[in-house]
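Inside the fold
Chain by chain, the residues run as shown.
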Amino acid sequence: MTATVFARRIAVRHPETWVYGIAAWGAVVLVAHSTYSKGARPANGVGLWAGAWSGWMLMVFAMMLPVVAPQAGRLAHRSLWHRRHRAMGAFLLGYLAVWAVLGLVIVAVLNGTGHAHPSTPAVAAALVAAAAWQTAGPRSRVLRRCGTLRLGAARGHAADQDCVAAGWRAGGQCLITCGPVMAAMAVGHHHLLLMAGLLILLLTERARGPNSARRAGRPFEAWSLAAFAAITVLADPTW
């Protein structure tokens, strides 16, 4: 099998592959920014707000797009062949809009309270709060409903609107299930290893296989988040 044929088969079976590509791009840009911004003069005013919000959206790309990519792929398979990528694009537009609005709120709160660069205790406290929410009953019920799609029109602007609305609903569900974890990352956005660890936790909880519904809200991820909080504190040399 040639590389071209293999790539075509992947594109047909997994049309959401480019969504993972965007996530990888977001991760690379985050790593590059973290590497080259050390020692740089901090921004202020509008530049501070814009930089914080763009950093948030890059985190969303890197962490949330891998979570929602399988759902985008299912939507593509349920759409007309010639508009499957258009459907996924509209879906992601609605999905990312939810996180963009949340990002504006978080940036406003952090900058408005003078906590644009929070301390280690704040990061640890946010992780502990996320761990407490991980096994909460309301979160588990929403998580079990994640991935459901309600589509109406098959073509035209009505279909685009349905896909955007589906993405908005998916974003709202993710906001409930993943919001505390992402808030912890917004507080400790400079911890790239923490970002990778939290992404793995989110993906393992949603992994397909036998008894996948029982993984929703299991204690393993909650204890792992608590462990991340402890590691964050212990890794800080000032403590």
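That block above? That's the structure.
A brief structural summary. (Residues numbered from 1 in each chain as written. Predicted model: local features only at pLDDT ≥ 70, side-chain atom pairs only at ≥ 80, totals over all residues. Heavy atoms only, no water.)

Regarding the packing of helix 6 (residues 137–145) against helix 7 (residues 156–187)
Packing of helix 6 against helix 7 brings their axes to within 9 Å, and their N-to-C directions diverge by 140°. Compared by their axis directions, helix 6 and helix 7 come out oblique. For the pair helix 6 and helix 7, the crossing hand works out as left-handed. Where helix 6 approaches helix 7, its residues R139, V142, L143 and R145 are matched on the opposing element by Q173, I176 and T177. Looking at the contact of helix 6 with helix 7, its residues break down into 3 nonpolar, 2 polar and 2 charged. (Axes fitted to C-alpha atoms, helices over the stretch in contact; angles between N-to-C directions. Helix = DSSP H or I, 4+ residues; strand = E, 2+ residues; numbered from the N terminus. Parallel < 35°, antiparallel > 145°, perpendicular 65-115°, else oblique. Left-handed = near helix turned anticlockwise from the far one by under 90°. Contact = heavy atoms within 4.5 Å. Nonpolar A, V, L, I, M, F, W, Y, C, P; charged D, E, K, R; others polar.)

A closer look at helix 6
Every buried residue of helix 6 is accounted for by R139, S140, V142 and L143. End-on, the buried residues of helix 6 take up no more than an arc of 165°, which puts them together on one face. In this fold, the buried residues of helix 6 make contact with helix 5 (120–134), helix 7 and helix 8 (192–205). The positive-phi residue at the C-terminal boundary of helix 6 is G147, with phi of around 100°. (Buried < 20%, exposed > 50% of the residue type's maximum accessible area, 1.4 Å probe, protein only. Arc of directions from axis to C-beta.)

Points about the packing of helix 3 (residues 46–78) against helix 7
The contact between helix 3 and helix 7 brings their axes to 10 Å, and the two run at 140°. By the angle between their axes, helix 3 is oblique relative to helix 7. Classified by chirality, the crossing of helix 7 by helix 3 is right-handed. Of helix 7, the residues touching helix 3 (which contributes W56, M59, V60, M63, M64, V67, Q71 and L75) are C163, A170, C174, C178, M182, M185 and A186.

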